[in-house]
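# Observations on chain architecture
Here is what each chain is made of, one letter per residue.
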Amino acid sequence: MEKIFQKFAFSSATLVFIILLGIFITLFNAARPAINEFGLNFIVDPAWNKEVPITTPQAKTDKSVTQSAVSNTDDETVDVNDFGDDSDDMMMQDEDDTPTKTIYGGLVPLVGTIFSTLIALAFAMPIAMGIAIFLAEIAPKKIATFVGGAIELLAAIPSIIFGMWGLYYFAPIVAALFGGFQVSLLTAGLVLGVMILPFMAAITRDSMNTTPDILKESAYALGATKFEVIKDVIFPYSKVGIIGSIILSLGRALGETMAVAFLIGSIFELPHKITDPTISIPVALANNFGEASGLGMSSLFYLALILFVMSFAVISFAKFYFLRKAN
Amino acid sequence: MPVMNIKKFSFTYPGVSDPSLKNITLPIKKNKITALIGPSGCGKSTLLRSMNRIHDLYPGNKYEGKIDLLDFESGKYKNILDIKKENEFIKLRQQVGMIFQKPTPFPMSIFDNVAYGLKIDGIKNKSELSDRVEAALKGSALWSEVSDRLGKSAMGLSGGQQQRLCIARAVAVKPEVLLFDEPTSALDPISTAAIEELIVELRNDISIAIVTHNMQQASRISDYTAFMYLGDLVEYDKTENIFLNPKEKRTEDYITGRFG
């Protein structure tokens, strides 16, 4: 019995690693044609599903990311917003005059993902801290319980509802306030911010609540004000938990698909202002997975791999960095 | 001469009908150590926590009577139960410091811990800060142990060192009275002895009230002892009288270990 139990616990724990590794290998295998074709240049190339004539510098990109390859793609006029109505995902389909091939670059969705996440964090962080401080330290118990419950309900709303609400009610307000398009990086970022707010606030509140009363009391007993106690004692004490809440929210924001798909505009174009529409990695995957094939499909897997590595890197960096600091 | 005069003081916790402290009258004499002893639940910690009104962090308490505190600057007594404004609370807590059951170092460096009370009091001058931190650490018999690692986290100190750090932190702001709430209950005998020695030395500058459930401790270090039972002050006298010659039967029973 003892042995069976031990084995069960062990295999449960191993399963996580197997799944993690399996996902990574699957993504990597499926992305390999695109990796071989574009290499790391994929990350800085803003063109997506674009036909270019085959030239010698293009061929070089297979082996190494050279400066000439980058400048080559920069020369092209970038307007590929009519994605979807063509079916030339495969290399070298049009053979009119010069041989051409379709190239894919991940810069646009990468930029869209990073910036929408950053906007969300910048919006959500101060508000979440404010909510957490209010609930943990300032509000009377009854109000804290009530507001805390409301915030936890906010976390239970499915993301598509945030998307619909954002599109119909929030987007016009954002456009009226900041100008530009209704669907844009900014709108997507702000709604993402609203979505991650309850997580961040609830976890931050919980970790602030772990500060021992006696520690707060000893700060008050030195003549500290409430603000000083929060700033100098509670925040440093619950730092690890607060950072954890930010990282968990970051993870959710990076991978959020449905709400962002409603709000970001879904076009493969680099945004020049934050009120411009663009696309994020999960949205690019969700919108194009059905129709893609060949190198296009492989490029989507490449994007997915980048997203995976990105989330993984953020979380493991934070984990190791703050675990080391905590010790 | 008492630095603090508790007169007909009653205290009721929120949501409770009966007062936890009933009609307490007790002086805290200047440059003396006053020990509060009694069985668990007798109200000795409640009384101590009234003396810097740390109770008021949690709303709904009811005070009656008076607690007069001698203000060294003006030489006058002031009833601390009248305090309502935050800046008055801050001043009270700078005058009446407190040490808790467990060491409570803040999550910052050793230097910053001791300097904390000074910094929030508005002292910014670096050399003044380091002078007063050094003086406080020397006064708490900790300087020789930590002088080479003032920038390190206070969390790395041992329990006894942390408690002496907390005492240094409280001493740094030069309080008139220091309240000790069972300061050695979480410490080993050697650290306890160091803390007791320190408290006795501090008496020269600061008046001290200490809650302890260790009667030997009370008899070793205190000048006056108050025995409390079920919210009443049963007997207050010089420590030797309480331990050798108690007037009340209940005091004698408690001292001799017949109950408690």
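Quick caveat: nothing in here was measured; it's all calculated off a predicted structure. (Residues numbered from 1 in each chain as written. Chains lettered and ligands numbered in written order. Predicted model: local features only at pLDDT ≥ 70, side-chain atom pairs only at ≥ 80, totals over all residues. Heavy atoms only, no water.)

### A look at the overall build of chain B
For chain B, the count of helices and strands is 10 helices and 10 strands. Taking 2.2 N^0.38 as the reference for a compact globule, 260 residues should give roughly 18 Å; the C-alpha atoms of chain B span a radius of gyration of 18 Å, in line with that estimate. Considered along the principal axes of its C-alpha atoms, chain B spans approximately 55 × 40 × 35 Å. Taking all 260 residues of chain B together, 55% fall into the buried category. In chain B, 35 side chains carry a positive charge and 32 a negative one; their mean positions are 3 Å apart. (Helix = DSSP H or I, 4+ residues; strand = E, 2+ residues; numbered from the N terminus. Rg over C-alpha atoms; globule rule 2.2 N^0.38 Å. Buried < 20%, exposed > 50% of the residue type's maximum accessible area, 1.4 Å probe, protein only. Lys, Arg positive; Asp, Glu negative; His and termini not counted. Charge placed at Lys NZ, Arg CZ, Asp CG, Glu CD.)

### Some points on empty space enclosed by the protein
Within this structure, the stated rule accounts for 3 cavities of 30 Å³ or more. In this structure, the second largest cavity occupies an estimated 60 Å³ of space. Along the walls of the second largest cavity sit Ser218, Ala221 and Leu222 of chain A together with Gly97, Met98, Ile99, Phe100, Thr104, Cys166, Arg169 and Ala170 of chain B, which together make up its complete lining. Elements with a contribution of two residues or more to the lining of the second largest cavity: strand 6 (96–99) and helix 6 (159–172) of chain B. (1 Å grid on protein atoms, 1.4 Å probe; cavity = no way out; pocket = protein on both sides within 12 Å on 5 of 7 lines; lining within 4 Å. Points joined across faces, edges and corners; volume = space filled by probe spheres on them.)

### Observations concerning unusual backbone geometry
Here Asn49 of chain A, not a glycine, exhibits a phi torsion of approximately 60°, which is positive. You can see Asn49 of chain A is positioned in strand 1 (residues 48–53). By relative accessible area, which is 8% here, Asn49 of chain A ends up buried. You will see that Arg53 of chain B, though not glycine, has its phi angle at about 50°, which is positive.

### Some remarks on the pattern of salt bridges
When the charged atoms of two side chains with opposite charge come close together, those side chains can pair. Per the counting criterion, the structure on display carries 22 salt bridges over all chains. Of the charged contacts in the structure, one is a salt bridge between Glu137 of chain A and Lys216 of chain A, with a shortest N-O distance of 3.0 Å. Placement of Glu137 of chain A in helix 5 (residues 107–138) and of Lys216 of chain A in helix 9 (residues 213–220) is noted, with a sequence separation of 79 residues between them. One salt bridge in this structure joins Asp56 of chain B and Arg53 of chain B, with 2.6 Å as the shortest N-O distance. Of the residues examined, Asp56 of chain B reaches a relative accessible area of 27% and is grouped as partly exposed. We classify Arg53 of chain B as buried; its relative accessible area is 5%. Among the ionic contacts, a cluster of salt bridges with common partners joins Glu137, Asp213 and Lys216 of chain A. (Salt bridge = Lys/Arg side-chain N within 4 Å of Asp/Glu carboxyl O.)

### Considering the confidence of the model for chain A
In this model, chain A carries an average pLDDT of 84, and 86% of its residues clear a pLDDT of 70 or more. Taken as a whole, residues 58–95 of chain A scores under 50 in pLDDT and shows 59 contacts with residues more than four places along the chain or in a different chain. (pLDDT = per-residue confidence, 0-100. Contact = heavy atoms within 4.5 Å.)

### Brief notes about the interface of chain B and chain A
Taken together, the contact pairs 26 residues of chain B with 19 residues of chain A. Interface area for chain B against chain A, summed over the two sides, is near 1800 Å², with a carbon-plus-sulfur share of 70%. The largest contributions to the chain B side of the interface with chain A come from Pro107, Tyr116 and Ile120 of chain B, which together make up 27% of the buried area. Here chain B is connected to chain A by 1 salt bridge. In this structure, Glu217 of chain A engages Arg49 of chain B in a salt bridge whose closest nitrogen and oxygen atoms are separated by 2.9 Å. Taken together, chain B and chain A are joined by 5 residue pairs in polar contact (both at pLDDT 80 or more). When residues of the side of chain B that touches chain A are traced back to their parent elements, those giving at least two are helix 2 (86–95), strand 6, helix 3 (110–120) and helix 6 of chain B. In terms of residue count, helix 2 of chain B provides more of the side of chain B that touches chain A than any other element does, 4 residues in total. Residue composition of the side of chain B that touches chain A, grouped by class: 15 nonpolar, 6 polar and 5 charged. (Buried area = accessible area lost by both parts, 1.4 Å probe. Polar contact = N/O pair within 3.5 Å; in protein donor to acceptor, adjacent residues only side chain to side chain. Nonpolar A, V, L, I, M, F, W, Y, C, P; charged D, E, K, R; others polar.)

### Some words on the environment of Phe268 of chain A
All names here are of chain A. Topologically, Phe268 is positioned in the loop between helix 12 (258–263) and helix 13 (281–288). You can call Phe268 buried: its relative accessible area is 4%. With 16 residues separating them along the chain, Phe268 and Ala284 place their C-alpha atoms 8.6 Å apart.

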